[in-house]
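The residues making up each chain are set out below.
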Amino acid sequence: MIRIQEGGIYHYGIYISDNEIIQFGLPPDGLGKVSDDNIKVVSSDRKTFCREKNIEVAEYDETENGLKNSLQKIVEKARNSIGSGGYNLVRNNCEHFAYRCVFDDRVLTPEDQLRQMWKNRPRLDVYVSKIPFDFHYEEIFPETRKKEIFECANGSLKKQKYWAWKTLEYGALRSFGISMEKLGPTKNENGKWTGEKYFFSISHIENSVAVALSTSKVGIDIENVDEFKKRFAGKEKKLNELLATNRCFDLEKLVELWTKKEASFKSSDKQQNFVPAKIPVDEKYIFTKIDDTDLGRHCISVCSDIKDKIKFYTYSPENTKEIAL
């Protein structure tokens, strides 16, 4: 494997002899961009390849030496590729071609390694969305979730579940660039939905939904503070029993504790049923915020071991923006 440097980029090829260097497209000549459709794997001599530039020869480490193809196979793969196309500057360029000849798909190019590291960096994104007053129901994936939602007899709950799932669909695309099919939502043995590659959690109330997507296990809960206080006004003693608290009668603090326990429960695969008194809360994994919105005051808790990476977004089909924490 050899390469030359042309400005800020490298051009790669497979050297067989001074008269046979196989590469995906010829080196750039400064005459302007060539259409990707016209770029093919070609063979040229050394002079055409190097264009008076210094040729650098790849040096392999111990691991790479154990993974690379035999010289005969490298030559065969390069020669058999002559005339093939499908060039793409990001996903299928001259560097990818050279690496495939030498390693098949066993080793990523340095650029692809960086992209993979960036893609898999610790990430925790939260999307908060107001449920529209009126909308048209559309298809959702998977079929099992669609059936659960569309067969929901409670009209208000059906809207909440549907909009939460559509928000999840948008979040998967925005945060990780994947469709719901690639997210692979499945229901585990405890009845909790999760993804095959990334983790997610959803929560919904009368007029709002909150969705968390992450590279790590995550749980989320949202509550309307004013509605919560109305629901439990005068029932503080019973609420203390439910939450197993030490006689706390401040409903502002109790709603926070409730969301923390709910988020902690959702992040765990151990518990099947939400029994607040039995749910421990480890504050080092919990992020909680209360926001004033046109829908009232919301308390949101997120449980994750990467809570320091959290970013909040408000989502609507017309506009999505990041919220300052």
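Conventions we followed
- Residues numbered from 1 in each chain as written.
- Predicted model: local features only at pLDDT ≥ 70, side-chain atom pairs only at ≥ 80, totals over all residues.
- Heavy atoms only, no water.
- 1 Å grid on protein atoms, 1.4 Å probe; cavity = no way out; pocket = protein on both sides within 12 Å on 5 of 7 lines; lining within 4 Å.
- Points joined across faces, edges and corners; volume = space filled by probe spheres on them.
- Helix = DSSP H or I, 4+ residues; strand = E, 2+ residues; numbered from the N terminus.
- Nonpolar A, V, L, I, M, F, W, Y, C, P; charged D, E, K, R; others polar.
- Pairing = 2+ DSSP bridges.
- Contact = heavy atoms within 4.5 Å.
- Axes fitted to C-alpha atoms, helices over the stretch in contact; angles between N-to-C directions.
- Salt bridge = Lys/Arg side-chain N within 4 Å of Asp/Glu carboxyl O.
- Buried < 20%, exposed > 50% of the residue type's maximum accessible area, 1.4 Å probe, protein only.
- Polar contact = N/O pair within 3.5 Å; in protein donor to acceptor, adjacent residues only side chain to side chain.

*Asks:* So what's going on with the layout of surface pockets? Residues and values would help.
*Replies:* Of the voids in this model, the second largest pocket is the one considered here, and its volume is about 640 Å³. Lining the second largest pocket are 27 residues, with Gly191, Lys192, Trp193, Ile202 and Lys266 sitting closest to its centre. At the level of elements, α6 (143-150), β8 (193-194), β9 (199-204), β11 (219-224) and α11 (251-267) are the ones that each hand at least two residues to the lining of the second largest pocket. Among the elements that take part in the lining of the second largest pocket, β9 stands out by supplying 6 residues, more than any other. In the lining of the second largest pocket, the residues fall into 6 nonpolar, 10 polar and 11 charged.

*Asks:* For the sheet that holds strand β4 (residues 41-44), give the residues involved together with the corresponding values.
*Replies:* Pairing is antiparallel across the open sheet formed by 5 strands, whose spatial order is β4-β3-β2-β1-β5. Only two strands of the sheet have a single partner each, and these edge strands are β4 and β5 (56-57). Here strand β2 (residues 9-17) pairs with strand β3 (residues 20-24) via 3 bridges, running antiparallel. Its bridge partner lying in β3, Tyr15 is registered against Ile21. Contacts from helix α3 (residues 71-80) reach β2, β3 and β4, with the element oriented near 115 degrees to β2. Against the sheet, helix α4 (residues 94-103) touches β2, β3 and β4, its axis set at about 35 degrees to β2.

*Asks:* Can you tell me about the pattern of salt bridges, naming the residues and giving the values?
*Replies:* For the structure on display, the rule yields 19 salt bridges. Here Arg79 makes a salt bridge to Glu20, at a shortest N to O gap of 2.8 Å. Linking Arg79 in helix α3 with Glu20 in strand β3, this pair joins segments that are 59 residues apart in sequence. Arg79 gets classed as partly exposed once you look at its relative accessible area, which sits at 42%. Overall, the relative accessible area of 17% leaves Glu20 in the buried class. Across the salt bridge formed by Asp125 and Arg123, the nearest N and O atoms sit 2.8 Å from each other. Of the two residues examined, Asp125 and Arg123, each falls in the buried class. Each of Lys73, Lys77, Asp104 and Arg106 takes part in a single network of salt bridges with overlapping partners.

*Asks:* Which residues make up the side chain of Ser201, and what values do they have?
*Replies:* One can find Ser201 in strand β9. Of the polar contacts made by the side chain of Ser201, one reaches the backbone nitrogen of Ile220; its length is 3.1 Å. Discounting residues that sit within four places of it in the chain, Ser201 has contacts with Ala210, Val211, Ala212, Val218, Gly219, Ile220 and Lys266.

*Asks:* I'd love a proper account of the pairing of strand β10 (residues 208-214), names of residues and values included.
*Replies:* Along β10, 7 of the 7 residues are buried, which leaves the element largely enclosed by surrounding structure. On β10, burial covers both faces: Ser208, Ala210, Ala212 and Ser214 on one face and Val209, Val211 and Leu213 on the other are all buried. Taken together, the 7 bridges between strand β6 (residues 124-130) and β10 define a ladder with antiparallel strand orientation. Counterpart to Tyr127 in the pairing with β10 is Val211. In this structure, β9 lies alongside β10, joined through 6 bridges in antiparallel fashion. Opposite Ser203, over in β10, you have Ala210 as the bridge partner.

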